[in-house]
Amino acid sequence: MDLHLPLLWQIGQLVVNEPRGLVLLRLILMGAPGSGKGTQAELLVEQFGILHISTGEMLRDAIDHRTDLGGLVEPYMALGRLVPDHHVISVVEDRLGQPDIEAGFILDGFPRTLRQVYAMDELMEGQGLTLDGVIVIDVSEETVVERTSGRRVDPETGKIFNLNAEGVRPPAEILSRLEQRDDDSEEVIRQRMASYHNETDPAVEEYAQRGQLIRIDGSAAPDAVFDELRRRLESVEQGS
Ligand code: AMP
């Protein structure tokens with residue numbers, strides 16, 4: 001295959017010719033809490049059949065299952081602080097060591113610090129892989145607070161809805177079973193935003209300097225953001 005063709009053109013060919021997924025799409029998705037990165041990740045997964053790896057979800061899972069890791073990370077997450085690098089790095093290391101990532105992945109919520117960026121470099125290098133792109137979704141702090149206060153999760157399907165955002169409101173029949181994340185209160189969100197600016201901005205800047213960053217305006221409705229994301233991915237060329 002000619003690796004200099006636009007990435008999505010190749011994906012189109014692969015989906016047609018190789019329905020079992022030889023798509024080698026490896027993306028990182030960054031963005032403040034409430035930027036819509038979880039929703040965009042779901043859309044990417046639906047459209048391209050790649051794996052969604054969310055560190056936030058894996059950590060919440062560890063807490064729900066009362067594992068040792070869950071006990072260690074819970075106090076940080078409850079306060080809206082980042083979990084110490086070594087815990088998250090080892091979770092990602094385990095996950096990226098599994099064979100199903102060969103079909104491509106979208107890594108949602110990692111890296112979030114410079115140290116995690118360097119750990120990710122080592123992980124990818126160790127496996128002889130390269131990234132196709134790093135997406136960052138930008139939104140204002142007001143939008144973040146408005147969206148996160150309306151965010152609800154369906155515990156049965158894991159699907160994310162929003163009471164305050166067009167296009168992602170939940171259907172009336174499931175309203176009563178929806179749950180709010182503990183770390184979506186306004187106070188915790190302000191702390192999560194502060195962590196984002198202090199610790200994640202430098203990680204975003206590092207990818208920008210490497211020329212790997214795809215910056216997307218996340219203020220529009222999810223479908224419009226996704227259209228823009230697709231359009232931008234069309235000009236990305238696939239790595240090895
Ligand atoms: P998320 O679901 O991505 O918003 O993550 C929820 C919470 O999990 C964050 O506020 C952090 O406490 C923790 N977390 C998730 N990913 C990371 C990471 N890469 N580094 C440190 N903490 C993380």
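To be clear, the structure that these remarks concern was listed above.
What you see is a predicted model; the values in this text were computed from it and never measured.

## Some points on the overall build of the protein chain
Broken down by element type, the protein chain carries 9 helices and 7 strands. Buried positions account for 45% of the 240 residues belonging to the protein chain. Intrachain contacts of the protein chain at a sequence separation of at least 6 include 71% that bridge at least 24 residues. Taken as a whole, the protein chain presents about 12300 Å² of accessible surface, with 49% of it coming from carbon and sulfur.

## A few points about unusual backbone geometry
Note the cis peptide between Phe-110 and Pro-111, where omega equals -5°. The residue Pro-111 is located in the loop between strand 3 (105-108) and helix 6 (114-126) in this model. We note that Arg-66 has phi near 50°; this positive angle belongs to a residue other than glycine. For Arg-66, the location among the structural elements is in the loop between helix 3 (55-64) and helix 4 (68-78).

## Notes on helix 8 (residues 186-209)
Under the 1.5 Å per step criterion, the end-to-end length of helix 8 is 33 Å for 24 residues, consistent within 8% with the ideal 34 Å. A maximum bend of about 45° is found in helix 8 at Thr-200, where proline Pro-202 lies one to four positions downstream. Taken together, the buried positions of helix 8 are Val-188, Ile-189, Arg-192, Met-193, Ser-195, Tyr-196, Thr-200, Ala-203, Val-204 and Tyr-207.

## Observations regarding the pattern of salt bridges
Scanning the entire structure with this criterion turns up 16 salt bridges. Arg-210 serves as the salt-bridge partner of Glu-206, at 3.0 Å between the closest nitrogen and oxygen. Here Glu-228 and Arg-232 are joined by a salt bridge, their closest N and O atoms 3.8 Å apart. Highlighted residues: Glu-228 and Arg-232, both in helix 9 (residues 222-234), separated by 4 residues, approximately one helical turn. Note on Arg-232: relative accessible area 25%, which makes it partly exposed.

## Some thoughts on the nonpolar core
Residues Ile-28, Met-30, Leu-96, Phe-105, Leu-107, Met-120 and Tyr-207 are the most contacted members of the largest nonpolar core, which totals 35 residues. Breaking this core down by element, the ones donating at least two residues are strand 1 (26-31), helix 4, helix 5 (85-96), strand 3, helix 6, strand 4 (133-138), helix 7 (141-150) and helix 8. Looking at this core element by element, the count peaks at 6 residues for helix 8. Discounting residues that sit within four places of it in the chain, Met-30 has contacts with Lys-37, Pro-111, Val-134, Ile-135, Val-136, Ile-137, Tyr-196, Thr-200, Ala-203, Val-204 and Tyr-207. By size, the runner-up hydrophobic cluster in this structure holds 17 residues, among which are Leu-27, Ile-50, Ile-216 and Phe-226.

## Things to note about the site of the ligand
Of all residues adjacent to the ligand, which total 17 residues, the nearest are Thr-55, Arg-81, Gly-109, Arg-112 and Arg-192. Notes on the ligand: free accessible area 480 Å², of which the protein chains cover 97%. The leading source of residues in the shell around the ligand is helix 3, at 4 residues. In terms of residue class, the shell around the ligand is made up of 6 nonpolar, 4 polar and 7 charged.

## Focus on the pairing of strand 4
Among the 6 residues that make up strand 4, 5 are buried, leaving the element largely enclosed by the rest of the structure. Pairing of strand 1 with strand 4 involves 5 bridges; the strand directions are parallel. Of the residues in strand 4, the one forming a bridge with Gly-31 is Ile-137. In terms of strand pairing, strand 4 meets strand 7 (residues 213-217) through 5 bridges, oriented parallel. Looking across to strand 7, one finds that Val-136 is bridged to Arg-215.

## Here we look at a negative patch on the surface
Residues Glu-57, Asp-61, Asp-64 and Glu-179 make up a contiguous surface patch of negative charge. Position of Asp-64 relative to the elements: it lies in helix 3.

Calculation rules
Residues numbered from 1 in each chain as written. Predicted model: local features only at pLDDT ≥ 70, side-chain atom pairs only at ≥ 80, totals over all residues. Heavy atoms only, no water. Helix = DSSP H or I, 4+ residues; strand = E, 2+ residues; numbered from the N terminus. Buried < 20%, exposed > 50% of the residue type's maximum accessible area, 1.4 Å probe, protein only. Contact = heavy atoms within 4.5 Å. Areas by Shrake-Rupley, 256 points an atom, 1.4 Å probe, with all protein chains shown as cover. Expected span 1.5 Å × (residues − 1). Bend = angle between axes of the 7 residues up to and from the residue. Salt bridge = Lys/Arg side-chain N within 4 Å of Asp/Glu carboxyl O. Core = buried A, V, L, I, M, F, W, Y, C linked by side-chain atoms within 4.5 Å. Near = heavy atom within 4 Å. Nonpolar A, V, L, I, M, F, W, Y, C, P; charged D, E, K, R; others polar. Pairing = 2+ DSSP bridges. Patch = residues over 30% accessible without salt bridge, like charges linked within 9 Å, V, L, I, M, F, W, Y side chains within 5 Å. Lys, Arg positive; Asp, Glu negative; His and termini not counted. Charge placed at Lys NZ, Arg CZ, Asp CG, Glu CD.

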